[in-house]
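Chains, contacts and geometry: an overview
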Amino acid sequence: MINKLIFTCLAFISLNLTYAQREQIDFNDGWKFIQEDNAQFSKPDTNTSTWNAVQVPHDWAFEKGISKDGAQGNGGGYFDGGIGWYQKRFNVASQWDDKIVNIEFDGVYMNSEVWINGEYLGKRPYGYISFRYDISKYLKVGENTLAVRVDNSREPSARWYHPCGIYAPVNLIVTTQDFIKPNGVHVTTPTITAESAKVNINVSFDNANSDKAKGELETIIMDAEGKTVASQTQRFKGNTANQELSTELLVENPKLWSPDTPYLYKVINRLIVKGDVRDEVEMNFGIRSIEWKTETGFLLNGEVTKLLGVSEHYEGGPIGGAWTAPLLRWKLGLLKDMGVNAIRTAHNPAPPMFYDLCDELGFLIMDEIFDGWHKKAKEDYGSQAFETWWKQDMTEWLMRNRNHPSIIIYSVGNETRGEIAKELVAVCHALDPEKPVTSGHSASEYMDVFGVNGGSEKQGFFTKARPDKPFVSTEAPHTWQTRGYYRTKSWFRDGYPNKGQEPFELPDLTEEEVFHFEWASSDKWNNGKQHFNSSYDNAMVRISARKNWELMRDLPWFSGHFRWTGFDYYGEAGYVHGGWPFRLFMGGALDVAGFKKDLFYFYKSQWTTEPMAHILPHWTHPTLEKGVVIPVWVYSNCDEVELFLNGKSLGKDIPGTKWDEMQCEWMVPWEAGELVAKGYKNGEVIVVAKQTTAETPSAITFEIEDKHTNADTDRVAIITTRTVDSKGVFYPYGENKIYYSIAGDARLLSLENGDPVDTTKNVGINVKKAFMGATRAFLELPKGNENVQVITGAILGEKQLLTSKKVSIDVQSNVLLGTAAINKFDIYYTLDGTTPSIQSEKYTGSFPVELGTTVKAIVIKNNNVILTMEEAFGEDLGLYWKAETAVKKYAKGMMAIDADFSGAKKVAVNGEEFIDFKGKEGQISWYQENDGSAGDFALKFSYALKDSNSRPMELIVNNKKVGIIDFKTSGSWNSKWKEIEKNVKLNAGANYIQLKTIKKSGPNLLMLVVE
């Protein structure tokens, strides 16, 4: 029935195309999907009745969820890969007989192949590029079948999580025989003054039949209010095949595009043949000038403009790769709230709607095309297809994106190398001479702008000579933070001091560590990396966020930085965080659910002007004794801030410009109560922030995020649920499960809490535990007027009953669309592990439990069970609260079990996981990303060997044999680990370090440390 409705709708659309010049048809609904591989699936008569009905954008890896053996590995956040097929059937009417019909894909990851009615159209390997096929000659009147095969069987194909499938919109483009080519309009604004702006418009058009005809090209520029401000009509004669016409128009008193005022004009091009409008293309553009100078950095519209940027994976955020435009607007809106004005598309282009939103919202974009020009991840684009496809993909990327005012610079690679760089830069210059080219520390000698990643964080970078060209920090700073988690001791990823990394000094905040809670006791960690990171801006590689901002702000030649990252993202879970159960990278100012970390407010205090104040840490510390001194910080952009504890003033402080004075700071003896920060401007209080000590969690709150989305118009809803105590005070350690019941035709896109070690699914579930007191639900709402209601419920209490044995049950109902319903719920529960029923105890208020109790409950509405909930309480559940003097070792290395190996097996003994060759031959290969400069490095291999004879292995670095490592006995196979060191040269960027047995098998290998 659904398919029939779709066919009817499309047939109706096609009937009206007879008199239309161009029609763009949304092709996102009505797809069928199966994750299997069968060559017969390309056939139109394939029986898809058992396939899943899906909507595009679609990401099957995200829907499936993660597992420890997920094909993408720790780099891809343990998501899977595989092969999937899509089919879509649609009707065509006879009026399309003389039309040109293109099917256009904005993004399919990866190795997509497309068929129409069984006819093969082609293959596109790169997963981050748009493409199209002309399907005109294959269409028939009546039903047609589009089939798409997506091949992600070769994994890992990226160094971070990548989507699988048709993850971006699909459109059907229908035109007459005379048409403006895809990406056939190029707009530039070469001359701009206050009085006028010269706008050059080049239009390429074609005729499928090469008919000779006279015609006209009409070009109109309209302002944002729809008023025509310039126009011109040009005549042409002869056939329209492969013609180009250029138009020069003058816009008087132009309104300039900028991040603060992203004013957009519209240009309309009409192709007129024999008096009929045959095609019409309209697009937005902005009038703005860009310039890069060595001495003063980046200039926008003639003014020096610091790039307050973030590097951002398109997949960073709560729904995988399958963003819709409203949810993407929400993500970008949060970055805008932080004060961000620039984004680097690390390390690949985004779908077209991303750039449209950046034009509209006002972001400056460093548009990056490739991660590497050769293999970086084992099976990535550099390995599979770069050599053959790079020029075609670059051409599509540049011609598609070059009109966006938001794009101010191109980046052609990230931490890679090769002479191919000269050709990449030349293609950019040929297709878009207006914009300079850079890279993330790759072949910098060929770039227009000197881009440096982590190397720009080193102390020595600021004293050494730089190339005589503009500079931008393409990836810095690298700092980590876990929302709601604090340490007063500074942490450096590679230790401090460190001669190679040259970190800036960062003193501890206290002599003894104040805070001790952790996600788990260290004996449950697989290695010493598996800890959370502090939110005091004291966890980093080389430099804090504050020091990096101070340098960027004050050095004229420092154009700006793109911090790593804006949002946390799935993947890269091993290098810094130690691998499973860690599933994501915690470098964002917002976590993967979009919750703001304390770092968000630091940048907001420096990059925005609306008065604000933010206190950290929170003031709920159930295991601290009264009087323990806590560093209390306030980020604020006010003139001064006064702090109060339980009504008593602790004095005023002034936000400074020096890095360690940017926060207002007090050392406060802890006692329960309320911290209040008052921000002053011109002697008047203009903003107040509070942190209040919470008691045990006993209720939940429900909030619809509506600043950047609107349920009625966008048809999406973002729901935040928080844990609170009986007085409504936020409980910042809440980790109870939140259950959801949806009444109405809404689709749950994802449940996400931001927890780095929550390995449960995001899709196809109705429950997600809170992390640090909060979690979120992301829903797609129906297009009609149907009522949609969400009911949330939770069994609440401290998981370890730290301060109270009290448990409460809370259920709330909220309307997302339509009218409110009167709801009455009955709740029944058990404490003995049995399944509750209406004969069980009826909930009337909080009740006590003992450790080891599992509370089960049902929620009844209109005699139906709408929620089935349970929550366990026990000594070993939830956060770990005991102070530990010893932390598990191996905090810096790359574990052998996470490397790529063959001929060996993973083994676990005495809490250590390692690989064992079992007396056989094999190899192991580590991938190492050097975010600094090329040079000499020490490789330190940890191994165990009980043989009296040594077991030598061949050492190969970047496909070159560099020596033999002679592993001698350590006295044990699994308890006495020994370290052997070898000095080698490593490249900037990607490096592969391999050990191969030499007919004598190999030792048991634990890890590799690169220093």
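Residues numbered from 1 in each chain as written. Predicted model: local features only at pLDDT ≥ 70, side-chain atom pairs only at ≥ 80, totals over all residues. Heavy atoms only, no water.

A look at the overall build of the chain
Rules: We count a stretch as a helix when DSSP gives it H or I for four or more residues in a row; a strand needs E for two or more, and each element gets its number in order from the N terminus. Computation of the radius of gyration draws on C-alpha atoms, with the globule rule given as 2.2 Å multiplied by the number of residues to the power 0.38. Here a residue-residue contact requires only that any non-hydrogen atoms of the pair lie within 4.5 Å. In this description, accessible areas are obtained by the Shrake-Rupley approach with a 1.4 Å probe, and a residue is regarded as covered only by the protein chains that are shown. Think of it this way: Lys and Arg go in the positive column, Asp and Glu in the negative one, and His and the chain ends go nowhere. By convention, charge coordinates are those of NZ in Lys, CZ in Arg, CG in Asp, or CD in Glu.
For the chain, the helix and strand inventory stands at 10 helices and 63 strands. For a compact globule of 1011 residues, the expected C-alpha radius of gyration is about 30 Å, and the chain comes in at 30 Å, within 12% of that figure. Intrachain contacts of the chain at a sequence separation of at least 6 include 72% that bridge at least 24 residues. As presented, the chain carries roughly 38,700 Å² of accessible surface, and 48% of it is formed by carbon and sulfur atoms. Averaged over its 111 positive side-chain charges, the chain has a centre that lies 4 Å from the centre of its 131 negative ones.

Here's the deal with the UniProt feature "domain: Glycosyl hydrolases family 2 sugar binding" (unreviewed entry) in the chain
For clarity, the threshold we go by: UniProt positions are given in the numbering used here, feature names are shortened, and annotations may be inferred rather than shown by experiment.
On the UniProt side, "domain: Glycosyl hydrolases family 2 sugar binding" (unreviewed entry) is annotated at positions that read residues 82-160 here. A helix fraction of 0% and a strand fraction of 54% characterise residues 82-160, whose end C-alpha atoms lie 16 Å from each other.

Focus on the UniProt feature "domain: Glycoside hydrolase family" (unreviewed entry) in the chain
Taking the numbering used here, the UniProt-annotated feature "domain: Glycoside hydrolase family" (unreviewed entry) corresponds to residues 700-790. Annotated as 4% helix and 44% strand, the span residues 700-790 places its first and last C-alpha atoms 14 Å apart.

Considerations on the sheet that holds strand β43 (residues 747-752)
Short version of the rule: In this description, strands pair whenever DSSP reports at least two bridges between them. Lines fitted to the C-alpha atoms define the axes, with helices restricted to the stretch that makes contact. Angles between their N-to-C directions range from 0 to 180 degrees.
The strand order across the open sheet built from 4 strands is β40-β41-β45-β43, with neighbouring strands paired in antiparallel fashion. At either margin of the open sheet sits one strand with a lone partner, and together these are β40 (699-704) and β43. Neighbour-to-neighbour, the strand axes of this sheet turn through a mean angle of 20°, independent of strand direction. Each of β41 (716-724), β43 and β45 (774-780) touches helix α3 (residues 325-338); the most contacted strand, β41, lies at about 50° to it.

Regarding the side chain of H58
Basically, it comes down to this: N or O atoms closer than or at 3.5 Å make up a polar contact, with two conditions inside protein: a donor-capable atom paired with an acceptor-capable one, and, for residues adjacent in sequence, both atoms drawn from side chains.
One can find H58 in the loop between β3 (52-54) and α2 (60-64). Reaching out from H58, the side chain makes a polar contact with the side chain of E63 at a distance of 3.2 Å. A polar atom in the side chain of H58 sits 2.7 Å from the side chain of Y86.

Examining the packing of α3 against helix α9 (residues 598-607)
Defined as follows: An angle below 35 degrees is treated as roughly parallel, one above 145 as roughly antiparallel, one from 65 to 115 as roughly perpendicular, and anything else as oblique. Nonpolar residues are Ala, Val, Leu, Ile, Met, Phe, Trp, Tyr, Cys and Pro. Charged residues are Asp, Glu, Lys and Arg, and all others, Gly as well, are polar.
It is the contact of α3 with α9, at a shortest axis distance of 7 Å, that shows an interaxial angle of 55°. With respect to each other, α3 and α9 are oriented oblique. Contacts between α3 and α9 pair L334, D337 and M338 from the former with F600, Y603, K604 and W607 from the latter. In the contact of α3 with α9, the residues fall into 5 nonpolar, no polar and 2 charged.

Observations concerning the pattern of salt bridges
Put simply, the rule is: The working definition used for a salt bridge is a side-chain nitrogen of Lys or Arg within 4 Å of a carboxyl oxygen of Asp or Glu. Three labels apply to residues, based on accessible area from a 1.4 Å probe with only protein chains included: buried if under 20% of the type maximum, exposed if over 50%, partly exposed otherwise in between.
The tally for this structure, following the rule as stated, stands at 59 salt bridges. Salt-bridge contacts for D568 lead to K597; the nearest nitrogen and oxygen are separated by 2.8 Å. Taken together, the residues D568 in the loop between β30 (558-564) and β31 (569-570) and K597 in the loop between β32 (584-585) and α9 connect sequence positions 29 residues apart. For the residue pair D568 and K597, the accessibility class agrees, reading buried in each case. Salt-bridge contacts for E1011 lead to K940; the nearest nitrogen and oxygen are separated by 2.9 Å.

Describing the sheet that holds strand β13 (residues 215-222)
Spatially, β14-β13-β16-β17 is the arrangement adopted by the 4 strands of the open sheet, whose pairing is antiparallel. On the outer flanks of this sheet lie β14 (228-236) and β17 (276-285), each paired with one strand and no other. Neighbour-to-neighbour, the strand axes of this sheet turn through a mean angle of 15°, independent of strand direction. In the sheet, β13 pairs with β14 via 8 bridges, with the strands oriented antiparallel. Residue L217 lies in a different strand from β14, and its bridge partner there is Q234.

Focus: the nonpolar core
The cut-off we apply is this: What is meant by a nonpolar core is a set of buried Ala, Val, Leu, Ile, Met, Phe, Trp, Tyr and Cys residues, joined one to another through side-chain atoms within 4.5 Å.
The biggest cluster of nonpolar side chains holds 171 residues, and the ones touching the most others in it are W31, F105, F370 and M394. The element that contributes the greatest number of residues to this core is α3, accounting for 7 residues. What M394 contacts, discounting residues up to four positions off in sequence, is I369, F370, V412, L424, V427 and C428. One finds M895, I924, F941 and L1005 within the second-largest nonpolar core, a separate group that totals 34 residues.

Section: helix α4 (residues 352-361)
If you check which residues of α4 are buried, you get M353, F354, Y355, L357, C358 and D359. Packed against the buried residues of α4 are α3, β22 (342-344), β23 (364-368), α6 (386-401) and β24 (407-414). Following α4 by one or two positions, G362 has its phi on the positive side, about 95°.

Let's talk about the environment of K905
Tracing the backbone through its elements, the reader meets K905 in strand β55 (residues 905-909). On the accessibility criterion, K905 (57% relative accessible area) is exposed. Distance in space between the C-alpha atoms of K905 and A158 is 24 Å, their sequence separation being 747 residues. Ignoring anything within four residues of it in the chain, the contact list for K905 reads F914, I915 and D916.

Considerations on the pairing of strand β16 (residues 265-273)
Consecutive side chains of a regular strand alternate in pointing toward one face of the sheet and then the other. When you tally the buried positions in β16, you get 7 out of 9 residues, the bulk of the element. Here 8 bridges tie β13 to β16, and the two strands are oriented antiparallel to one another. By the bridge assignment for β16, T219 is matched with N269. The sheet contact formed by β16 and β17 spans 9 bridges and is antiparallel. Looking across to β17, one finds that L271 is bridged to D279. The loop that links β16 with its antiparallel partner β17 comprises 2 residues; one of these, K274, has a positive phi angle of about 55°.

Examining the confidence of the model for the chain
Rule in force here: A residue's pLDDT is the predictor's confidence in that residue, given on a scale from 0 to 100.
Put simply, the chain has an average pLDDT of 94, and 97% of its residues get 70 or more. Segment residues 1-20: pLDDT under 50, and 27 contacts once partners within four positions in sequence are set aside and those in other chains are kept.

Describing α3
Note the threshold: The span expected for a helix works out to 1.5 Å for each residue beyond the first.
With 14 residues, α3 ought to run about 20 Å at 1.5 Å a step, and its terminal C-alpha atoms sit 20 Å apart, in line with that. Across the 14 residues that make up α3, a large majority, 11, are buried. If you check which residues of α3 are buried, you get P326, L327, L328, W330, K331, L332, G333, L334, L335, D337 and M338. Taken from the residues just after α3, G339 is the one with a positive phi, measuring 105°.

Considering the packing of helix α8 (residues 545-554) against α9
The geometry of a pair of packed helices is captured by two quantities: the angle between their axes and the separation between those axes. We apply this condition: For a crossing to be left-handed, the near helix must be turned anticlockwise from the far one by less than a right angle; the clockwise case is right-handed.
Where α8 contacts α9, the axes come no closer than 11 Å and their chain directions differ by 25°. Accordingly, the angle class assigned to the pair α8 and α9 is roughly parallel. Where α8 crosses over α9, the two elements pack in a sense that is right-handed. Each of A545, R546, W549 and R553 in α8 lies in contact with α9, whose residues at this interface are L599, F602, Y603, Q606 and W607. For the contact of α8 with α9, the residue count by class is 6 nonpolar, 1 polar and 2 charged.

Some points on the pairing of strand β36 (residues 648-653)
Where strand β35 (residues 640-645) lies against β36, 4 bridges are found, and the strand directions are antiparallel. Within β36, the position partnered with F644 by the bridge is S649.

Quick word on the state of the cysteines
Operational definition: For the purposes of this analysis, a disulfide is any pair of cysteine sulfur atoms at a distance within 2.5 Å.
Going through the model one piece at a time under the given rule, you end up with 0 disulfides. Looking at the unpaired C358, the closest cysteine sulfur is the one in C428, lying at 18 Å. The class for C358 is buried, based on a relative accessible area of 0%. The class of C428 is buried, set by a relative accessible area of 0%.

Describing unusual backbone geometry
When glycine is set aside, most residues are seen to have a negative phi, and most peptide bonds are trans. The linkage connecting V56 with the following residue, P57, adopts the cis geometry, with an omega of 5°. Within the secondary structure layout, P57 lies in the loop between β3 and α2. For the bond running from A476 to P477, omega is 0°, close enough to zero to count as cis. In this structure, N117 is a non-glycine residue whose phi angle is positive, near 50°. As for its placement among the helices and strands, N117 is situated in the loop between β6 (112-116) and β7 (119-124). When its relative accessible area of 16% is taken as the criterion, N117 is described as buried. Of note in this structure, N682 is not a glycine but carries a positive phi near 55°.

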